[in-house]
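Single-letter residue listing:
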Number of protein chains: 2
Amino acid sequence: MKHRIIPVILSGGSGTRLWPASTDDKPKQFHALGGSQPLIAETVERVRGETDGISFGAPIIICSARHAELTAKQMAEIGVTPAAIVLEPFGRNTAAAGAIAAALTAEIEPGALALLLPADHVIQDRAGFLAVIERAAAFAKERILTFGIAPNRPETGYGYIKRGEPLDAGVFKIESFREKPNAETAQQYLDDGGYSWNAGMFMFDPSVMLREFEPSAAIRDGALAALKQGKRDGAFITLDAEAFEKTPSQPLDIAVMEKTRLGAVAPCDIGWADVGSWDEIWRLAPHDDHGNAKHGPAVALDASGNLLRTDGPKICVAGVDNLIVVASGDAVVILPRARAQDVKLLRELALKLN
Amino acid sequence: MKHRIIPVILSGGSGTRLWPASTDDKPKQFHALGGSQPLIAETVERVRGETDGISFGAPIIICSARHAELTAKQMAEIGVTPAAIVLEPFGRNTAAAGAIAAALTAEIEPGALALLLPADHVIQDRAGFLAVIERAAAFAKERILTFGIAPNRPETGYGYIKRGEPLDAGVFKIESFREKPNAETAQQYLDDGGYSWNAGMFMFDPSVMLREFEPSAAIRDGALAALKQGKRDGAFITLDAEAFEKTPSQPLDIAVMEKTRLGAVAPCDIGWADVGSWDEIWRLAPHDDHGNAKHGPAVALDASGNLLRTDGPKICVAGVDNLIVVASGDAVVILPRARAQDVKLLRELALKLN
């Protein structure tokens with residue numbers, strides 16, 4: 001028997017570190033930052049169809065109300081008809097979204113599992129991804145599954161999951177979740193081998209998830225009230241603002257995963273990246289002979305290691321190395337790759353120019 | 001008695017080293033590169049009105065036919081009605097323009113001197129400029145005057161004028177014109193003190209100039225035929241293409257000045273610059289506390305010595321030094337100030353992108 005799985009795409013991110021391409025009106029997930037399609041399109045495409053062991057239903061998408069049209073248009077472009085597009089009047093973090101995902105999945109297809117996926121990540125190895133989903137699905141009737149990314153560097157920007165005793169077939173109980181570590185601790189995690197990056201992907205039976213919300217019942221109850229009292233219009237469900245405003249804002253990791261004893265982790269190495277900075281986008285992109293990654297019309301003369309990315313104007317550089325150059329919307333950003341994080345600060349300074 | 005002077009503005013330059021601001025459709029002289037107004041407007045404004053010794057007539061402008069409207073519009077914006085706008089169907093260098101300048105000046109105001117001025121230079125000291133014109137005008141009935149710029153560095157990009165015996169009042173006979181020197185020779189010229197930069201500015205009595213064209217009679221005769229057979233429409237005079245095409249293309253320096261015995265030079269130090277590169281524009285511009293010169297909306301964080309120039313998009317830089325960044329039209333150019341000359345090459349590479 002194939003496991004039926006409803007992908008629930010969390011599209012609430014803002015991606016300010018990828019300004020000026022990523023903006024409030026058109027954040028990160030709506031841009032082609034990994035491959036040729038916008039990240040949200042690639043995320044949805046990745047969980048279509050079926051394998052020997054799993055079969056995907058139409059996706060549910062949870063996004064900001066301001067991106068309703070953009071989201072619907074994006075899905076139309078790839079020929080996907082979502083089972084629902086849940087519109088949040090404002091963000092309430094991933095715990096509220098997790099409760100809504102559980103309730104809606106149960107409503108749309110009783111018996112199906114929910115697979116919670118951020119809309120703005122890259123996964124280069126789709127076959128490996130589907131294989132680990134299939135492997136994990138065997139446990140998802142009793143447990144809440146996470147997918148633990150094999151770390152390849154002592155990254156301090158992610159949370160970690162320490163695996164506990166093995167269940168079977170490369171799936172483990174979770175010993176604990178760890179907050180973003182300092183550099184020394186991150187190196188220890190890497191050396192230890194028993195830690196994975198927490199990529200914010202979850203798979204669960206809706207009834208199990210809703211039950212395990214018990215220690216954070218206010219979040220669940222608030223989110224489900226906002227869903228129940230929401231307005232439905234075709235595939236769109238606009239959450240009730242009054243109920244949603246009362247819903248506490250917490251990550252699902254903290255509200256549920258750190259409290260439940262039913263957590264499990266499926267470690268995997270699937271070419272995952274959260275494309276959280278222009279430097280990482282340079283790293284993921286194909287390079288020319290001089291290490292330049294180009295997106296859009298660009299000329300590089302005696303220049304190496306640069307990211308040259310444009311939505312319109314030709315970028316022409318000579319004699320510069322290891323720079324990020326991004327021309328998008330009403331801004332051009334230029335800074336060393338090593339200072340990619342300063343994009344947030346530049347964005348704030350640029351906003352003050354108005 | 002005041003000397004009557006007709007300014008003749010040579011607006012035929014293309015300014016490819018100032019791409020992407022300067023383009024074929026809107027070259028250098030139509031951009032504000034020195035002050036707040038386009039160079040051609042500042043050039044015309046500089047020679048309006050009168051002083052104790054000189055009085056300027058309405059200017060003649062010689063430009064490419066493709067810039068007819070742009071030129072007329074620019075003059076209208078500063079409230080100047082040109083005596084004539086001569087439209088060249090194609091460029092034939094400054095000798096042909098000099099002959100036309102002489103003939104038209106004689107036609108428009110018999111007895112007036114012609115003052116030939118490139119449209120795309122900066123002169124910061126207007127009072128000094130007017131003073132040297134007044135000083136030189138005393139000799140312009142018998143001699144062809146040039147204005148020799150006091151060199152402040154061993155520049156290899158300009159021609160030089162070696163002064164000969166003094167005439168009077170800081171005006172000298174010309175001993176010889178010198179081609180662009182190598183670095184060693186340029187240093188010798190600077191140390192010698194008897195050399196000036198040839199800024200391509202000339203003042204003369206039309207009849208003297210036309211007579212001294214005798215060794216290059218084909219240029220004069222071709223240019224005057226093109227003028228005579230040209231079409232007149234209000235202030236516009238479109239040169240006859242057939243006649244103009246037969247006119248040899250030479251600089252006035254070579255066709256006349258190196259051959260006449262009537263040359264004279266008035267050395268001066270008037271804040272002249274030919275703004276021939278983005279690096280020079282950075283040098284001329286006001287700087288912030290970190291040596292950044294900004295034109296248009298720009299943000300600089302931990303960045304120094306940069307030229308940040310934009311016609312539209314906000315330029316936001318962090319952690320970069322001594323760069324030229326120019327966003328204009330359909331291109332963004334980024335290169336070290338020390339490589340400013342590479343703009344020409346980048347322009348050619350960018351054109352191939354199409």
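As shown above, the structure is provided for reference.
Residues numbered from 1 in each chain as written. Chains lettered and ligands numbered in written order. Predicted model: local features only at pLDDT ≥ 70, side-chain atom pairs only at ≥ 80, totals over all residues. Heavy atoms only, no water.

Visitor: Just checking my understanding: could you explain the overall build of chain A for this structure?
Guide: For chain A, the helix and strand inventory stands at 11 helices and 20 strands. Relative to the globule expectation of 20 Å for 354 residues, the C-alpha radius of gyration of chain A, 21 Å, shows essentially globular dimensions. When burial is assessed residue by residue, chain A has 57% of its 354 residues classed as buried. Excluding contacts between residues fewer than 6 apart, the proportion of contacts in chain A whose partners are at least 24 apart in sequence is 68%. Here chain A has roughly 14,200 Å² of accessible surface; of this, 48% comes from carbon and sulfur atoms. The average position of the 37 basic charges and that of the 45 acidic charges among the side chains of chain A differ by 2 Å. (Helix = DSSP H or I, 4+ residues; strand = E, 2+ residues; numbered from the N terminus. Rg over C-alpha atoms; globule rule 2.2 N^0.38 Å. Buried < 20%, exposed > 50% of the residue type's maximum accessible area, 1.4 Å probe, protein only. Contact = heavy atoms within 4.5 Å. Areas by Shrake-Rupley, 256 points an atom, 1.4 Å probe, with all protein chains shown as cover. Lys, Arg positive; Asp, Glu negative; His and termini not counted. Charge placed at Lys NZ, Arg CZ, Asp CG, Glu CD.)

Visitor: Could you clarify how one ought to interpret the interface of chain B and chain A in this entry?
Guide: You'll often see interface size given as the accessible area lost when the parts meet. With 31 residues of chain B in contact, the opposing surface of chain A contributes 31 residues. A buried area of about 2,700 Å², summed over both sides, lies between chain B and chain A, and 70% of it is on carbon and sulfur atoms. Residues Asp330 of chain B and Lys314 of chain A are paired through a salt bridge, measuring 3.7 Å at the closest nitrogen-oxygen approach. On the surface where chain B and chain A come into contact, there are 14 residue pairs in polar contact (both at pLDDT 80 or more). At six residues, the largest contribution of residues to the side of chain B that touches chain A is made by strand E20 (residues 331–336) of chain B. One ladder, built from four bridges, connects strand E18 (residues 314–318) of chain A with E20 of chain B; its direction is parallel. Note that in E20 of chain B the partner of Cys316 of chain A across the bridge is Val333 of chain B. (Buried area = accessible area lost by both parts, 1.4 Å probe. Salt bridge = Lys/Arg side-chain N within 4 Å of Asp/Glu carboxyl O. Polar contact = N/O pair within 3.5 Å; in protein donor to acceptor, adjacent residues only side chain to side chain. Pairing = 2+ DSSP bridges.)

Visitor: Teacher, can you tell me more about the side chain of Asn306 of chain A here?
Guide: Inspection of the secondary structure assignment puts Asn306 of chain A in the loop between strand E16 (298–301) and strand E17 (307–310). Among the polar contacts listed, one links the side chain of Asn306 of chain A to the backbone oxygen of Val320 of chain A, at a separation of 2.9 Å.

Visitor: Looking at this structure, how should I read the packing of helix H3 (residues 93–108) of chain B against helix H7 (residues 217–228) of chain B?
Guide: Helices that pack against each other are described as a pair by the angle of their axes relative to one another and the distance between those axes. All names here are of chain B. At a closest axis distance of 8 Å, the pairing of H3 and H7 adopts a crossing angle of 60 degrees. Classified by the interaxial angle, the pair formed by H3 and H7 is oblique. For the crossing formed where H3 meets H7, the hand is right-handed. Together, Ala95, Ala96, Ala99, Ile100, Ala103 and Leu104 of H3 and Ile219, Arg220, Ala223, Leu224 and Leu227 of H7 make up the contact between the two elements. For the contact of H3 with H7, the per-class residue count stands at 10 nonpolar, no polar and one charged. (Axes fitted to C-alpha atoms, helices over the stretch in contact; angles between N-to-C directions. Parallel < 35°, antiparallel > 145°, perpendicular 65-115°, else oblique. Left-handed = near helix turned anticlockwise from the far one by under 90°. Nonpolar A, V, L, I, M, F, W, Y, C, P; charged D, E, K, R; others polar.)

Visitor: Looking at this structure, how should I read the pattern of salt bridges?
Guide: Two side chains of opposite charge can pair, provided their charged atoms sit close to one another. This model, assessed by the stated rule, comprises 39 salt bridges over all chains. Between Glu50 of chain A and Lys2 of chain A there is a salt bridge; the shortest N-O distance is 3.2 Å. Here Glu50 of chain A is found in the loop between helix H1 (39–46) and strand E2 (54–56), whereas its partner Lys2 of chain A is found in the segment before strand E1 (3–11), with 48 residues between them in sequence. The exposure class of Glu50 of chain A is exposed, given its relative accessible area of 53%. Here Lys2 of chain A falls in the partly exposed class, since its relative accessible area comes to 33%. Between Arg337 of chain B and Asp279 of chain B there is a salt bridge; the shortest N-O distance is 2.8 Å. Separated by 58 residues along the polypeptide, Arg337 of chain B in the loop between E20 and helix H11 (343–352) and Asp279 of chain B in helix H10 (residues 278–284) bring together distant segments of the chain.

Visitor: Just to check I follow, could you spell out the packing of H1 of chain A against helix H2 (residues 68–77) of chain A for this structure?
Guide: Residues and elements named next belong to chain A. Close contact between H1 and H2 brings their axes to 10 Å; oriented N to C, the two are set at 50 degrees. Between H1 and H2, the crossing angle belongs to the class labelled oblique. Note on packing geometry: the crossing formed by H1 with H2 is right-handed. From H1, Ile40, Ala41 and Val44 reach across to H2, where they touch Thr71, Gln74 and Met75. When grouped by side-chain class, the residues that make up the contact of H1 with H2 number four nonpolar, two polar and no charged.

Visitor: Looking at this structure, I do not really get the sheet that holds E17 of chain A. What am I missing?
Guide: In any sheet, the strands associate via hydrogen bonds between backbone groups, in a parallel or an antiparallel arrangement. Strand order in the open sheet made by the six strands is E15(A)-E17(A)-E19(A)-E20(A)-E18(B)-E16(B), with mixed pairing throughout. Edge positions in the sheet fall to strand E15 (293–295) of chain A together with strand E16 (298–301) of chain B, since each of these pairs with one other strand and no more. Each strand of the sheet is rotated relative to its neighbour by a mean of 5 degrees, with strand direction disregarded. Pairing of E15 of chain A with E17 of chain A, which is carried by three bridges, proceeds in the parallel orientation. By the bridge assignment for E17 of chain A, Ala293 of chain A is matched with Leu307 of chain A.

Visitor: Looking at this structure, how should I read the packing of aromatic side chains?
Guide: Residue and element names in this part refer to chain B. For the structure shown, the criterion picks out 12 aromatic pairs over all chains. With centroids separated by 5.9 Å and ring planes inclined at 25 degrees, the aromatic side chains of Phe90 and Phe244 adopt a geometry described as stacked. Of this pair, Phe90 sits in the loop between strand E4 (84–88) and H3 while Phe244 sits in helix H8 (residues 241–245), and the two are 154 residues apart along the sequence. Under the relative-accessibility criterion, Phe90 is labelled partly exposed at 26%. (Phe/Tyr/Trp six-rings, centres within 6.5 Å; stacked < 30°, edge-to-face > 60°.)

Visitor: Looking at this structure, how should I read the state of the cysteines?
Guide: Simply put, the disulfide is a covalent bond whose two ends are the sulfur atoms of two cysteines. Counting across every chain of the model gives zero disulfides over all chains. No disulfide involves Cys316 of chain A; its sulfur sits 19 Å from that of Cys316 of chain B, the nearest cysteine. Cys316 of chain A sits in the buried class, given a relative accessible area of 0%. (Disulfide = S-S within 2.5 Å.)

Visitor: Mind showing me how you'd approach the relation of the copies chain B and chain A here?
Guide: Note on the chain copies: they are related by a rotation about an axis and a translation along it. For the pair chain B and chain A, the best superposition has an RMSD of 0.1 Å and corresponds to a rotation of 180 degrees with a translation of 0.0 Å parallel to the axis. In the structure described here, the two chain copies are related by an operation that fits a two-fold rotation axis. Measuring from the rotation axis to each C-alpha of chain B, the shortest distance belongs to Val332 of chain B, at 4.2 Å. Interface overlap between copies is the fraction of interface residues in one copy that are interface residues in the other; for chain B against chain A it reaches 100%, indicating a shared surface. (Least-squares fit on C-alpha atoms with pLDDT ≥ 70 in both.)

Visitor: Looking at this structure, I do not really get the side chain of Thr51 of chain B. What am I missing?
Guide: Mapped onto the elements, Thr51 of chain B comes out in the loop between helix H1 (39–46) and strand E2 (54–56). In this structure, Thr51 of chain B is in contact with Lys2, Leu130 and Glu134 of chain B, ignoring residues within four places of it in sequence.

Visitor: What exactly am I supposed to notice about helix H3 (residues 93–108) of chain A here?
Guide: An α-helix turns once per 3.6 residues; consequently, residues spaced three or four apart project the same way. In this model H3 of chain A runs 23 Å from its N-terminal to its C-terminal C-alpha over 16 residues, within 8% of the 22 Å that 1.5 Å per residue would give. Considered for burial, the residues of H3 of chain A that qualify are Ala95, Ala96, Ala97, Gly98, Ala99, Ile100, Ala101, Ala102, Ala103, Leu104 and Thr105 of chain A. (Expected span 1.5 Å × (residues − 1).)

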